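An overview of the molecular structure
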Amino acid sequence: MKNHYLLSLFLFYFIGLHQANAQNDVENVLTDILFILDGFNNPATEASVMQTGAGWFHTAKSLDKFKTTVSLGISGLPFPANKKSFTVRNSDFINLDIRDGDQASIPTTLGGRGRTFFDFNIDGATYEFQAFSGLNSDFFALPYVQGQIGLWQETEVTLRIVPEVTIGKSSYAVYGIGLKHNLSQYLFKEKHNVEIALYTNYNLTDLNLKYDEPLDLEPSDGGAALAIIDGSLIDFHSINAGIVASKNVDKWTFSSALNYNTSWVDYSLTGERSIFFDLFNNVLTTLSETEHSFKVDLGAAYQLAPKWNLNTQLSAGQFFNLNISGVYNIN
């Protein structure tokens, strides 16, 4: 966790507190909560990379110049149990103490309701903090609309949009753009028995996560809360790049791809404005560290009709994801 940014952000808050020990207490509390948020976010970031990086192609062959297609697809990603919660211990924290135990299993963004309470002290006063709640779902479905157009030099561009989807009180939407460039034109002078291409795409997932109940960072004596948090706004960014190979066998097209993924998160909390709440959102920029990962895609497409293809793709990495789409060739 990057703590060296915290001190300058806290100065004006501590001027109001007038006590040096309160400065250390608040800094330590926020550092502890950021540790929890880091574990809370990571599985959702990994899942977003897997799901938004799937279904961008079913062949390495590029569309002819100005030829266009439209796709309707859906990606399905189950949440394994080990990604829905994570374990914290008192030894992980500077100020926070787990209530009624030395360790606890608390939800990630993919998990359920947070029921664990933490106690902490600021300038001699005792406060409490409840673990964040997740989406409370075992499966994430990502329907999308996608359009492709062929450009010059066996290159094609793809645009993708996921209209806003609601899960309970929460919602998400996805936007993406991709490029694919065929390499077989340089490798093979005759008819291409195997198609090979390079591709890259950028995806933005906007997740608006609303908690079932607001989280109050309030003193145990019933005084005014330091902050009231009712949800999270999370932007998952990912850039996927890789190489894909495909081969046609009668009406079938089989493909395989190796992907390298770079991702980062922009994160903020929603709730009632206060000095502590605003400072909290300022230091959340420390969670925007870049992550790197790999995944493998295996696909099979079948030509249902001259203008229609049915595509399937299985992706494996930090999660498993199954993508199914129908592609219509406009011209």
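Above this text you will find the structure in question.
Per chain, residue numbering runs from 1 following the sequence as it is written. Owing to the predicted nature of the model, reporting of local features is limited to residues with pLDDT of at least 70; listing and counting of side-chain atom pairs is limited to 80 or more, with chain, interface and lining totals taken over all residues. Neither water nor hydrogens contribute to the side-chain values; these are computed over all heavy atoms in the structure.

Moving on, we come to unusual backbone geometry. Trans is the common state for peptide bonds, and a negative phi is the common state for residues other than glycine. You will see that Phe66, though not glycine, has its phi angle at about 70 degrees, which is positive. Where helices and strands are cited, they refer to DSSP runs of H or I of at least four residues and of E of at least two residues respectively, numbered from the N terminus. Tracing the backbone shows Phe66 in the loop between helix H2 (20-52) and strand S1 (68-78). Assessed through its relative accessible area of 44%, Phe66 is described here as partly exposed. Notably, Asp100 is not glycine yet its phi reads approximately 65 degrees, a positive angle. Burial classification: accessible surface area is computed with a 1.4 Å probe over protein chains only, and a residue below 20% of its type maximum counts as buried, one above 50% as exposed, and the rest as partly exposed.

This part covers the packing of aromatic side chains. Pairs were defined over the aromatic rings of Phe, Tyr and Trp, the Trp ring being its six-membered one, requiring ring centres within 6.5 Å. Orientation was assigned from the angle between planes: stacked under 30 degrees, edge-to-face over 60, tilted for the rest. Within this structure, the stated rule accounts for 14 aromatic pairs. Considering the side-chain rings of Trp252 and Tyr302, the 4.9 Å spacing of their centres and the 55 degrees angle between planes classify their relative orientation as tilted. Pair noted here: Trp252 is in strand S12 (residues 252-272) and Tyr302 is in strand S13 (residues 291-305), with a separation of 50 residues, a long-range link. Residue class for Trp252 comes out partly exposed when judged on its relative accessible area of 39%. Look at Tyr260 and Phe294: their rings are 5.3 Å apart centre to centre, the planes differ by 55 degrees, and that puts the pair in the tilted class. Of this pair, Tyr260 sits in strand S12 while Phe294 sits in strand S13, placing them 34 residues apart in sequence.

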